[in-house]
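# Chains, contacts and geometry: an overview
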Amino acid sequence: MRSPYLYVIQILMFLLADTALADQERNPFSFWYLSDQDPGWYFDATVGVQREPTYTGSDRYETEAGVIARAFYKSESGNRYFVSLGEIGAVVEIDPDTIVAAVLEYEETREIDEDPILAEFPEGENTLEGQFTFVRRWGNWRLGGVFQPDLLDRGKGLVYFLGAGYDRALSDRLRFDAGLDLSWGDAEHINTEVGISDDVAQASGLSPYTASGGFKSTTLTLGLGYAFNPQWELVFNGEVEIYASEMADSPLIEDEGDDVNTEFSIGVRYQF
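These notes cover the structure that comes with them. (Residues numbered from 1 in each chain as written. Predicted model: local features only at pLDDT ≥ 70, side-chain atom pairs only at ≥ 80, totals over all residues. Heavy atoms only, no water.)

You will see that D153, though not glycine, has its phi angle at about 55°, which is positive. Structurally, the position occupied by D153 is in the loop between β7 (141-149) and β8 (158-169). (Helix = DSSP H or I, 4+ residues; strand = E, 2+ residues; numbered from the N terminus.)

By size, the foremost hydrophobic cluster in this structure holds 17 residues, and its most contacted members are F121, I196 and L252. Where this core is concerned, the elements lending two or more residues are α2 (187-194), α3 (198-204), α4 (245-248) and α5 (251-254). In this structure I196 touches F121, A201, L206, S207, P208, Y209, S250, P251 and L252, once residues within four positions along its chain are discounted. (Core = buried A, V, L, I, M, F, W, Y, C linked by side-chain atoms within 4.5 Å. Buried < 20%, exposed > 50% of the residue type's maximum accessible area, 1.4 Å probe, protein only. Contact = heavy atoms within 4.5 Å.)

What follows is about the sheet that holds strand β4 (residues 87-95). Pairing within the closed barrel is antiparallel, and its 12 strands lie in the order β1-β2-β3-β4-β5-β6-β7-β8-β9-β10-β11-β12. Along the sheet, successive strands turn relative to each other by an average axial angle of 20°, direction set aside. By the bridge criterion, 9 bridges tie β7 to β8 in an arrangement that is antiparallel. Its bridge partner being in β8, R142 is matched across the sheet by G165. (Pairing = 2+ DSSP bridges. Axes fitted to C-alpha atoms, helices over the stretch in contact; angles between N-to-C directions.)

Our focus in this paragraph is the pairing of strand β2 (residues 61-74). As paired strands, strand β1 (residues 40-53) and β2 are joined by 14 bridges and run antiparallel to one another. In the sheet register, A45 faces β2, and the bridge partner there is A69. One ladder, built from 5 bridges, connects β2 with strand β3 (residues 80-84); its direction is antiparallel. Residue pairing in the sheet places Y73 in a bridge with Y81 of β3. Turn length for the β2-β3 hairpin, with the two strands adjacent in sequence and antiparallel, is 5 residues, and the turn residue G78 shows positive phi of about 100°.

In structure tokens:
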């Protein structure tokens, strides 16, 4: 599956805030987490559930529980660094309203046993992805892009995003974030997602499909957070991804799946 801020909310969810909303000058969904805090270490952990398609473009869904723990460090220069299981990254403020960020993520391959239609597809390889981001803010609005290459060249190819978002505090405890992003992928990326080789077509009964790369999808995202106190917060994230013809024309989506996918997650986060 893909991650939500341009990509986007999922990347930004690394950077949730550590105080009650009334005390924050920056929206906690954004990369400006810790921008107004003292240098030092910060930690949080989230327990929750997520519902997502069994594969990109599937019309079947699965719900899983999970735990995420993260550590953040703010240096004397104001740069922030973070690490969680499978991910490590850095955020640099060019000025108070402009950031660049780099994330390295261990990306697991699609599990062919997650859906019966994938039984005849070859097992892919796990890889290391880069996520290189630029974001600019204007008040409550933001605009940016993400460039995401497969650093080990193991079949994930290249995907990149352009997007915009809006965030605001609805009260001293409730926060809101919405975003719209557009994504593109090269031929390797899209064929890894929904391509069907002649051998797989013969074994599975699906028609062969080879993509040339191009516009991939449009994604709408929504995030809500309710802070019970400075340490505990209920968080919700949802996204709707609408696939373009380069993806949707694959029999994996057109015949066996759906060209509109949704993902939802809800959890409780503790900050310390």
